[in-house]
Amino acid sequence: MQESLQNLILSCLSDLIENGTIELDTLPKVQIERTRDPAHGDFATNIALALAKQAKTNPRQLAQNIIDQLADSPLVAKVEIAGPGFINFFLSKGASTNVIRDILEQGANFGRNDLGQGESVQVEFVSANPTGPLHVGHGRGAAVGDSLCRLLSTCGYKVTREFYYNDAGAQIDNLALSVQSRCQGLTPEDAGWPADGYRGDYIIDVANAYMAQESVQSEDRTVTALGDINDIQAIRDFAVAYLRREQDLDLKAFGVQFDIYFLESSLYESQAVEATVNQLIENNFTYEEDGALWLKTELFGDDKNRVMRKREGGYTYFVPDVAYHLNKWERGFKTVINEQGADHHSTVTRVRAGLQALGANIPEGWPEYVLHQMVLVMRNGQEVKLSKRAGSYVTLRDLIDEVGRDATRYFLVARAPSSQITFDIDLALAQNNENPVYYIQYAHARICSMLQKLEVGEQETALSSDQAIFEALSEPQEDALIKELDKFAGTVKQAGEQRAPHMIANYLKDLAAAFHTFYNAHKVLVDEPALRQARVALCLATKQVLRSGLDLLGVGAPESM
RNA sequence: GCGCCUGUAGCUCAGCUGGAUAGAGUACCUGACUACGAAUCAGGCGGUCGCACGUUCGAAUCGUGCCAGGCGCGCCA
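## As for the sheet that holds strand 12 (residues 306-309)
Taken together, the three strands give an open sheet; going across it, the order is 10-11-12, and neighbouring strands pair in antiparallel fashion. Strands at the two margins of the open sheet, each flanked by one partner only, are strand 10 (286-289) and strand 12. On average, each strand axis in the sheet is tilted by 45 degrees relative to the strand beside it, whichever way the strands run. In terms of strand pairing, strand 10 meets strand 11 (residues 292-295) through four bridges, oriented antiparallel. Each residue of the ladder has a partner; that of Tyr287, found in strand 11, is Trp294.

Shown next, in the form of structure tokens:
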């Protein structure tokens, strides 16, 4: 629709240039947008305002010239000049109800686009270290990352979901020591407890399972505990597997799955880390100082150079990170998006610097990052900081258990990742329009409930409605709902381009509102056959878009509540 | 001190590739079930878009400088 109008204006402009009414060197980009106020028509363009100066005339005059030149189109019922020189388009009935037909025909495919053209995209998210249960921040990462994947897939990308986990660093040693201490019966208050040991109660569970020689199966492996209190390596392997499984269960409960679990240790085993270091040395971007090996990240926009290899030996964390990202590049992903907490934003510059220094022809801004800010959890107006199990933070599992999967996902994905959010448990539990999740789901359930009252075969008839039947829809609430439905495809595309799944959440709230307004104002199942059929078709289309939109968020669309 | 993010209604937040009178929910005040689900709807109240300057026909949106908050600034990850 938008494109047709754009072309209409473009051809009109070239006519004006040809007949000498205006002088322009090149045809501009025509911006045409949906109006907010129905009094301004359906679409409006600011083209006359934008060109007035160049064309050496005043905007309203130019707008009039354009309108005079406009060819008749079956799409457009009326054109007006408004305000300082906007051109407002009022669509014909047939043009605006087209979307209902499209939705009914395309079903779940309605709203898809080919932005990605089948290109492969890798999205890395969550990537929690296997040292404890997932916390709310990981939950936000999971909600945003997974929704982003769904969105990109709808935008025609081939998406790979990846979870990277550190099973090789100092904190894993620390984890093993903590479990060992618990096996010995020590508590965090006792002398001899490791200095930075993990204090949460879940460590006791790990220790008990280890001593009982349990087996754990996680997504990518099975480990059986030896039960030997002195075998720190065995404790370590078991603890990692145990906590990975815990995280898997949390993610499963959250409706999030990954295609690949990538182990940091594999980068050492495959010599990828060593190869990366050698390449950096060979490229002359390193130097030795104070017994350590440094990378000249300053040359690539960092504010200081960074240590790669510590004095006591061993690499700092960003070295395997660079090797990991080289690996992603070599796997052929031209687009890689890392969704992670903003508290790790300093790695962005470092990883990109390392990749540039490798001289592997990787673009400067690669990979992309979506960074999410912190989540503050509130209950009864008080900040909630502790969970019994984890000791020092609120776990994702706590939230899912308390407010449910759908509400948790919705709240964590509904805000722009860049804004710090307050997760209000009382609000998420509320079952009214304080709570947008139920508001949207209720719209869907309401339609389903109404559809159950249809005569046999009536739904099929409505689904195959001829365009002409929609002439019966003339109420302002119907127009508003149709307009809202028509925004879906554009919203999906924009959200995909901007890596912004929260736009879908906002859209759904508007769509649900338009539906509820319509539903309260007019009865669907009226006696008059044409109107009845048209309204049923409108409801079916709304149901489809609600379902598709909720699916992009990983939130269910219940038929009854 | 430096870097990244944020500052919009009492509260929680949209809007930010510049456009018409800045939106939604909530809170507070009124109304609407003999009704296809009231988990809903209609109306009212509520704003110096942190402050200042600049660019522009036009700025919440872009630029600069301040102010405030969060997060980083480790030979931790």
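Having put the structure on the table, let's press on.
## Details of the nonpolar core
By size, the foremost hydrophobic cluster in this structure holds 116 residues, and its most contacted members are Ile100, Val126, Val179, Phe238, Tyr410 and Phe423. If one sorts the elements of this core by residue count, helix 20 (residues 529-553) sits on top with 12 residues.

## Here's the deal with the domain arrangement of chain A
Parsing chain A into structural domains produces domain 1 (2-91), domain 2 (120-153 + 260-372), domain 3 (170-253) and domain 4 (432-552). A C-alpha centroid distance of 51 Å is found between domain 3 and domain 4.

## A closer look at the environment of Ser449
By the secondary structure assignment, Ser449 is in helix 16 (residues 436-451). Judged by relative accessible area, Ser449 falls into the partly exposed class, the value being 35%. Here the alpha-carbon distance between Ser449 and Asn520, two residues 71 residues apart in the chain, equals 15 Å.

## Some remarks on helix 16
For helix 16, built from 16 residues, the straight-helix expectation of 22 Å at 1.5 Å per residue is met to within 8% by its first-to-last C-alpha distance of 23 Å. What helix 16 keeps buried is the set Pro436, Val437, Ile440, Gln441, Ala443, His444, Ala445, Arg446, Ile447, Cys448, Met450 and Leu451.

## A closer look at the pairing of strand 4 (residues 86-91)
In terms of residue burial, strand 4 counts as a mostly covered element, since five of its six residues are buried. With three bridges connecting them, strand 2 (residues 43-45) and strand 4 associate as antiparallel partners. Paired with Ala44 across the strands is Asn88, a residue of strand 4. Note: strand 3 (residues 76-82) against strand 4, six bridges, orientation antiparallel. Among the inter-strand pairings, Ala82 is bridged to a residue of strand 4, identified as Phe86. Hairpin remark: strand 3 followed by strand 4, antiparallel, with three residues in the connecting loop; positive phi at Gly83, about 55 degrees.

## Here we look at the packing of helix 5 (residues 136-154) against helix 14 (residues 405-413)
To describe two helices that pack against each other, one gives the angle between their axes and the distance between the axes. Put simply, helix 5 and helix 14 touch, their axes get as near as 8 Å, and they point 80 degrees apart. As the angle between them shows, helix 5 and helix 14 are arranged roughly perpendicular. Where helix 5 approaches helix 14, its residues Val136, Gly139, Arg140, Ala143, Val144, Asp146, Ser147 and Arg150 are matched on the opposing element by Arg409, Leu412 and Val413. Split into classes, the residues belonging to the contact of helix 5 with helix 14 amount to five nonpolar, two polar and four charged.

## A closer look at the side chain of Thr395
By the element assignment, Thr395 lies in the loop between strand 16 (382-383) and helix 13 (396-403). Note on Thr395: relative accessible area 3%, which makes it buried. Among the polar contacts listed, one links the side chain of Thr395 to the side chain of Asp398, at a separation of 3.0 Å. Beyond its immediate chain neighbours, meaning those up to four positions away, Thr395 contacts Pro133, Leu134, His135, Val136, Ser387 and Ala390.

## Regarding the packing of aromatic side chains
For the coordinates displayed, the defined rule picks out 20 aromatic pairs. With a centroid separation of 5.6 Å and an interplanar angle of 55 degrees, the aromatic rings of Phe411 and Phe423 are classed as tilted. Here the residue Phe411 occupies a position in helix 14, and Phe423 occupies one in strand 17 (residues 421-424), the gap between them amounting to 12 residues. A relative accessible area of 1% means that Phe423 is categorised as buried. Pairwise contacts between aromatic rings join Phe125, Phe163, Tyr165, Phe258 and Tyr261 into one cluster.

About the criteria used
Residues numbered from 1 in each chain as written. Chains lettered and ligands numbered in written order. Predicted model: local features only at pLDDT ≥ 70, side-chain atom pairs only at ≥ 80, totals over all residues. Heavy atoms only, no water. Pairing = 2+ DSSP bridges. Helix = DSSP H or I, 4+ residues; strand = E, 2+ residues; numbered from the N terminus. Axes fitted to C-alpha atoms, helices over the stretch in contact; angles between N-to-C directions. Core = buried A, V, L, I, M, F, W, Y, C linked by side-chain atoms within 4.5 Å. Buried < 20%, exposed > 50% of the residue type's maximum accessible area, 1.4 Å probe, protein only. Domains from an automatic or database assignment. Expected span 1.5 Å × (residues − 1). Parallel < 35°, antiparallel > 145°, perpendicular 65-115°, else oblique. Contact = heavy atoms within 4.5 Å. Nonpolar A, V, L, I, M, F, W, Y, C, P; charged D, E, K, R; others polar. Polar contact = N/O pair within 3.5 Å; in protein donor to acceptor, adjacent residues only side chain to side chain. Phe/Tyr/Trp six-rings, centres within 6.5 Å; stacked < 30°, edge-to-face > 60°.

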